[in-house]
Amino acid sequence: MDGLAPDAIYSASFEGERMKHSNPDSSPVIETASTAAEQNISVIPPAEHQPLDARIVAGILVFACRLLTGVRARWLQPFDWTKPQIFYANHTSHLDGLVIWASMPQSMRNRVHPVAAADYWLSGRIRRYLAQRVFKAVLVQRGRVKNTQVVNVADQVDQVGADSNQSQSSGGHERRGVLGLREMSAILERGESLIIFPEGTRGNGEELGTFRSGLWHLARQFPAVSCVPVYLENLNRVLPKGSWLVVPIICSATIGRPLAVVQDDEHKTGFLTRARQALEEMMS
Amino acid sequence: MMGDQEFTLLICGILGILVVASLIGWLLAWRKGNTPVIINLNERIKAWWMMCAVVIVAIWSGAVGAIILFALISFLALRECVTLTPTRRGDHEAMFWCFFILMPLQYLFVGMQWYGLFAIFIPVYVFLFIPTRIALQGDTRHFLERTAKIQWSMMIAVYCVSHVPALLMLEIPGFTHNSHLILFLMIVVQISDVLQYVFGKLFGKRPIVPKLSPNKTIAGFVGGTLSASLVGMGLWWLTPFAFWQAFLISIVLTILGFAGGLCMSAIKRDSGVKDFGAFIEGHGGMMDRMDSLCFAAPVFFHLVRYFFT
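Peer 1: What should I look at first to understand the overall build of chain B in this one?
Peer 2: Each helix and strand in chain B was counted, giving 10 helices and 2 strands. Ordered by position from N to C terminus, the α and β elements of chain B give α-α-α-α-α-α-α-β-β-α-α-α. Here chain B has a C-alpha radius of gyration of 20 Å; the compact-globule value for 309 residues is 19 Å, and the two agree. The principal-axis extent of the C-alpha atoms belonging to chain B is close to 60 × 50 × 30 Å. When the 309 residues of chain B are sorted by exposure, 50% land in the buried category. Contacts spanning at least 24 positions in sequence make up 71% of the contacts within chain B whose residues lie at least 6 apart. Carbon and sulfur atoms form 71% of the exposed surface of chain B, whose accessible area is close to 14,900 Å². In chain B, which carries 21 positive and 15 negative side-chain charges, the distance between the mean positions of the two groups comes to 9 Å.

Peer 1: Before we go on, may I ask you to explain the pattern of salt bridges in this structure?
Peer 2: Opposite charge on two side chains permits them to pair, given that their charged atoms come into close proximity. Residues and elements named next belong to chain B. For the coordinates displayed, the defined rule picks out 12 salt bridges over all chains. Close ionic contact of Asp288 with Lys268 constitutes a salt bridge, the shortest N to O distance being 2.6 Å. Of this pair, Asp288 sits in helix α10 (residues 286-308) while Lys268 sits in helix α9 (residues 243-271), and the two are 20 residues apart along the sequence. Several salt bridges share partner residues, and in doing so they unite Arg88, Asp91, Asp139 and Arg146 into one network.

Peer 1: Explain the pairing of strand β3 (residues 85-89) of chain A here, please?
Peer 2: Here is the key point about a regular strand: its side chains alternate between the two faces of the sheet. Residue and element names in this part refer to chain A. Among the 5 residues that make up β3, 5 are buried, leaving the element largely enclosed by the rest of the structure. The alternating pattern of β3 places Gln85, Phe87 and Ala89 and Ile86 and Tyr88 on opposite faces, both of which are buried. Pairing analysis gives 5 bridges linking β3 to strand β9 (residues 226-233), with the strands arranged parallel. When the sheet's bridge partners are listed, Gln85 is paired in β9 with Ser226. Two elements, β3 and strand β8 (residues 193-196), share 3 bridges in a ladder whose sense is parallel. Counterpart to Tyr88 in the pairing with β8 is Ile196.

Peer 1: Help me out: how do you make sense of helix α4 (residues 125-134) of chain A in this one?
Peer 2: One turn of the α-helix equals 3.6 residues, which is why residues spaced by three or four share an orientation. Residues and elements named next belong to chain A. Within the span of α4, buried status applies to Leu130, Ala131 and Val134. Buried residues of α4, viewed axially, fall in a sector of 120°; they line one side. Against α1 (52-69), α2 (96-103), α3 (118-121) and β5 (138-140) lie the buried residues of α4. Positioned one or two residues after α4, Lys136 has a phi angle of 55°, which is positive.

Peer 1: Teacher, can you tell me more about the interface of chain A and chain B here?
Peer 2: Each side of the interface is counted separately: chain A has 19 residues, and chain B has 17 residues. A combined buried area of about 1,400 Å² lies between chain A and chain B, and 64% of that area is made up of carbon and sulfur atoms. Taken together, chain A and chain B are joined by 0 salt bridges. Linking chain A to chain B there are 9 residue pairs in polar contact (both at pLDDT 80 or more). The greatest single-element share of the side of chain A that touches chain B, amounting to 4 residues, is contributed by α1(A).

Peer 1: Would you take a moment to explain the packing of helix α2 (residues 36-60) of chain B against helix α7 (residues 179-203) of chain B for this structure?
Peer 2: The geometry of a pair of packed helices is captured by two quantities: the angle between their axes and the separation between those axes. Residue and element names in this part refer to chain B. Contact pair α2 / α7: the axes reach a minimum separation of 11 Å and the direction vectors enclose 165°. In terms of orientation, α2 lies roughly antiparallel with respect to α7. Both α2 and α7 take part in a crossing whose hand is right-handed. Packed against α2, whose contacting residues are Trp48, Val55 and Ile59, the element α7 presents Ser179, Ile182, Leu183, Met186, Gln190 and Val194 at the interface. Classifying every residue of the contact of α2 with α7 by side-chain character gives 7 nonpolar, 2 polar and no charged.

Rules and cut-offs
- Residues numbered from 1 in each chain as written.
- Chains lettered and ligands numbered in written order.
- Predicted model: local features only at pLDDT ≥ 70, side-chain atom pairs only at ≥ 80, totals over all residues.
- Heavy atoms only, no water.
- Helix = DSSP H or I, 4+ residues; strand = E, 2+ residues; numbered from the N terminus.
- Rg over C-alpha atoms; globule rule 2.2 N^0.38 Å.
- Buried < 20%, exposed > 50% of the residue type's maximum accessible area, 1.4 Å probe, protein only.
- Contact = heavy atoms within 4.5 Å.
- Areas by Shrake-Rupley, 256 points an atom, 1.4 Å probe, with all protein chains shown as cover.
- Lys, Arg positive; Asp, Glu negative; His and termini not counted.
- Charge placed at Lys NZ, Arg CZ, Asp CG, Glu CD.
- Salt bridge = Lys/Arg side-chain N within 4 Å of Asp/Glu carboxyl O.
- Pairing = 2+ DSSP bridges.
- Arc of directions from axis to C-beta.
- Buried area = accessible area lost by both parts, 1.4 Å probe.
- Polar contact = N/O pair within 3.5 Å; in protein donor to acceptor, adjacent residues only side chain to side chain.
- Axes fitted to C-alpha atoms, helices over the stretch in contact; angles between N-to-C directions.
- Parallel < 35°, antiparallel > 145°, perpendicular 65-115°, else oblique.
- Left-handed = near helix turned anticlockwise from the far one by under 90°.
- Nonpolar A, V, L, I, M, F, W, Y, C, P; charged D, E, K, R; others polar.

Laid out in structure tokens, this is it:
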């Protein structure tokens, strides 16, 4: 129903990229990892309604978030909620995902999924509960992966090179592709929205880091979905990198205008530069 | 506190004023349509209903309710002050101390009625602690500025505000309901704000400090201060003061309220913001409502302490 084969095994690297693309001619692409330890499945139930305990915990978290950050969302233009969107934001703090998610109107929180790191959020019962049941996050794995076999990668993808219809062993060198692309695509196919952080890691709050290419792959694969920049301000002062103490500071989340659709001849760097500029403009 | 006649009378009075204000607001909206000024006016009136309700319930529920309310007010005000000051990563730990340890301690001392420590904790101990903690982090860039700004925020948002519930610890011979003093203080100061605004809008021509705040006019100041002092004089029965003492004290409170508003305007103008925040709809942030009270509260506390205990 949501495109995930139950026994599909994914592995991907946030540092590198790997392209996964559903091949229209045959069954969906499956990547196999060489070790079971790299297995990561995040199963997301369809967004019918939230169970009561998740709603209570969500309410508490949103309240705590408001108390700490007083965050209010500023929408630069009225929103079309019937289409799925990809919200991409600057990343400065562990609270970023929570803040954007909390700024969404309550009825939409069910259908907006933050993308988060699996290694962090699957370790420990509380984190798993929060990530899977409360936030309905899309969990993707980080870290370099070697010896990955790729099957049936479609050729309109990456400059790294399209593969033919056979499995290839990467034999020691890393294949580049986008992690979690499959899970993210599944969400968009369902008509729901994503929150991603293209920088990939927390910055210092002053400049934007380089954008990873996940946004590009998703935007190309789903031209009907709009990419919306979200600028988060002051969150690096609430919970900066390197500290576990929170300091209440008033923050803001400014949700900007959607990017123009990806053109057919637009190259990856062109698109990512444009996306980055849209976010930088909101920073001033 | 319950079944206390003066309190009930006061509540009825406040309710009456709010009802009249709401009616005026509706009338204006009906006759003149929903202009931005009228929308803002009605938002403000609605916020007044909320604030009065919260304060009255907190005070009616006793000392603990009042202390918790003002601790919360301090928390929100401190959050706004700190947001406006340009702090650096090196201030993070010191600020954590301020919000979660030092501010609650100040209110604990109020609750324990420990006057000696309550009066000097922030001006002496916190004043010495903050630069030390920041220095220990090692970042010396703008060191004195950062220290001074955080200390100032603590003084205004925590120290000054804590003098309001501290009124409960004063022992005034022949007077038992100290909560009335809190109400007296808040009513006189807030009415003074409103009346200065109204007189300013109606008769104000010459601004007092045009570079800082074009809205504060001489007519507004004089008219607002005098009329609010008359209101204070009219409330003498709530307090241990004679009516002429109530009048004089009210004059002092209203002048201080004006000073508080002026200083906060100066800070906002320097930071380039119009309001401290957006916590209270129609009014701005918590500090925008508390600025007059911050200046008036400590002086009121000490005047009462000096002359009446």
